[in-house]
Amino acid sequence: MARGYAHVIANLRGTCGSGGTFSFLDAHERQDLYDLVEWVAAQPWCDGNVGMIGISYFAISQLEAAVERPPHLKAIFPLAATADGYEATYHHGLFSSSFVTPFLAMTGLTAERSDKLWRSKPIGLARRVLNSPRVHKKFETLNGESALTMLRQLLRLPHNPHPWDELWLDAAVRHPTRDRWWQERNLLPLLKEIDIPVYLGCDWENVPLHLPSTFAAWNALSDNACVRMGMLGKFGLTWPWESLHVEALA
């Protein structure tokens, strides 16, 4: 609140204590995000101006909200976004199991935990340790491969397979080609609807996932005069809001 902002972190449908069933980037999720923006705008602590910021799925969620054009959404800052679900899941037709499998399983694992976990004393302690200068400096060179290695260790923990295994089967088995199921999860044709300011960004090393889509989104937003992009150097995405602190505040 020091700069006059209220920061809302929402749980998507079916995650972290939120009701309903997670549906993975579909039209239902886009409508939920529209409703979220308008709910925030109606709160007594909000002046009616809503912006969004975040990386990866949090970045995709911003694009999902913006294509629905909620009246009170004024700007978005999607960093490392993939606007086409099929392109994130299949690389030139090859299923990216090394990414999709741990992503869905880890989302399922954390979905069963409520906000109480993330506000607990152990998580608070871990946050303070990560923010200590020595540890913070050490993590500056953490890359995506290291993160996936940690995720695979956590995946040994049990979790409810519904709906995560079904979504995996949809992505890997039932819909191996770009069909109607994937078209519902492709934002690229819808990005022309966005007329609010957009600040895109990515790191140059993110070739397997977000980098190609960043430029595809840039092209799809070509009719919007209020689009900017910031490219990050090596390890720039590890602490992204330090790398783009000035740009994000602006």
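Scroll up to find the structure this text is about.
Cut-offs used in this document
Counting restarts for each chain: residues are numbered from 1 in the order of the written sequence. Residue-level local features of this predicted model are given only where pLDDT is at least 70; pairs of side-chain atoms are given and counted only at 80 or more, and the full residue set underlies all totals for whole chains, interfaces and linings. With hydrogens and water set aside, each side-chain value is computed from the structure's full complement of heavy atoms. Secondary structure follows DSSP: runs of H or I at least 4 residues long count as helices, runs of E at least 2 residues long count as strands, and numbering of each begins at the N terminus. Only C-alpha atoms enter the radius of gyration; for comparison, a globular chain is expected to reach 2.2 Å times N to the power 0.38, where N is the number of residues. Contact criterion: two residues are considered in contact whenever any of their non-hydrogen atoms come within 4.5 Å of each other. Residue-level accessible areas treat just the shown protein chains as cover; the underlying method is Shrake-Rupley with a 1.4 Å probe. The salt bridge criterion pairs a side-chain nitrogen of Lys or Arg with a carboxyl oxygen of Asp or Glu, the two atoms within 4 Å. Using a 1.4 Å probe on the protein chains alone, a residue whose accessible area is under 20% of its type maximum counts as buried, one over 50% counts as exposed, and one in between counts as partly exposed. Any two strands are treated as partners once DSSP identifies two or more bridges connecting them. Under this scheme, a helix contributes an axis fitted over its contacting stretch, all axes are lines through C-alpha atoms, and angles between N-to-C directions fall in the 0 to 180 degree range. In protein, a polar contact means a hydrogen-donor-capable atom and an acceptor-capable atom, both N or O and within 3.5 Å, with residues adjacent in sequence counting only if both atoms are side-chain atoms; elsewhere, any N or O pair within 3.5 Å suffices.

### What about the overall build of the protein chain?
Within the protein chain, the secondary structure is distributed over 13 helices and six strands. Taken over the C-alpha trace, the protein chain has a radius of gyration of 18 Å; the compact-globule value for 250 residues is 18 Å, and the two agree within 12%. Judged by the C-alpha coordinates and their principal axes, the protein chain covers about 45 × 45 × 40 Å. In the protein chain, the proportion of contacts linking residues at least 24 apart, taken out of those at least 6 apart, comes to 71%. Accessible surface computed for the protein chain: about 14,300 Å², of which carbon and sulfur atoms make up 60%.

### Observations concerning the pattern of salt bridges
Inspection of the entire model under this criterion finds eleven salt bridges. Between Glu 140 and Lys 137 there is a salt bridge, with the nearest N and O atoms lying 3.3 Å from each other. Given the relative accessible area of 30%, Glu 140 is considered partly exposed. Given a relative accessible area of 54%, Lys 137 falls into the exposed group. One salt bridge in this structure joins Glu 166 and Arg 174, with 3.1 Å as the shortest N-O distance.

### Considering the sheet that holds strand β5 (residues 198–203)
Sheet architecture is open: four strands sit in the order β1-β2-β5-β6, paired in parallel fashion. A single partner strand is all that each edge strand has here, and the edge strands are β1 (50–55) and β6 (227–232). Here the average twist between neighbouring strands, direction ignored, is 10°. In this sheet, β6 lies alongside β5 in parallel orientation, the contact comprising six bridges. Opposite Cys 202, over in β6, you have Met 231 as the bridge partner.

### Re the environment of Leu 191
Among the secondary structure elements, Leu 191 is positioned in the loop between α10 (180–183) and β5. Expressed as a C-alpha distance, the spacing of Leu 191 and Ser 222, which sit 31 residues apart in the sequence, is 9.4 Å. In this structure Leu 191 touches Leu 63, Val 67, Ala 83, Ala 217, Ala 220 and Leu 221, once residues within four positions along its chain are discounted.

### Concerning the side chain of Thr 82
Counting through the fold element by element, Thr 82 comes out in the loop between β2 (73–79) and α3 (85–89). Residue Thr 82 is classed as buried on the basis of its relative accessible area, which comes to 3%. Only 2.6 Å separates the side chain of Thr 82 from the side chain of His 210, close enough to count as a polar contact. Dropping the residues within four chain positions of it, Thr 82 is found in contact with Ile 60, Ala 88, Leu 209, His 210 and Ser 213.

### Overview of the side chain of Asp 170
Within the secondary structure, Asp 170 is located in helix α9 (residues 164–174). Residue class for Asp 170 comes out buried when judged on its relative accessible area of 15%. Setting aside chain neighbours within four positions, we find Asp 170 in contact with His 175 and Trp 181.

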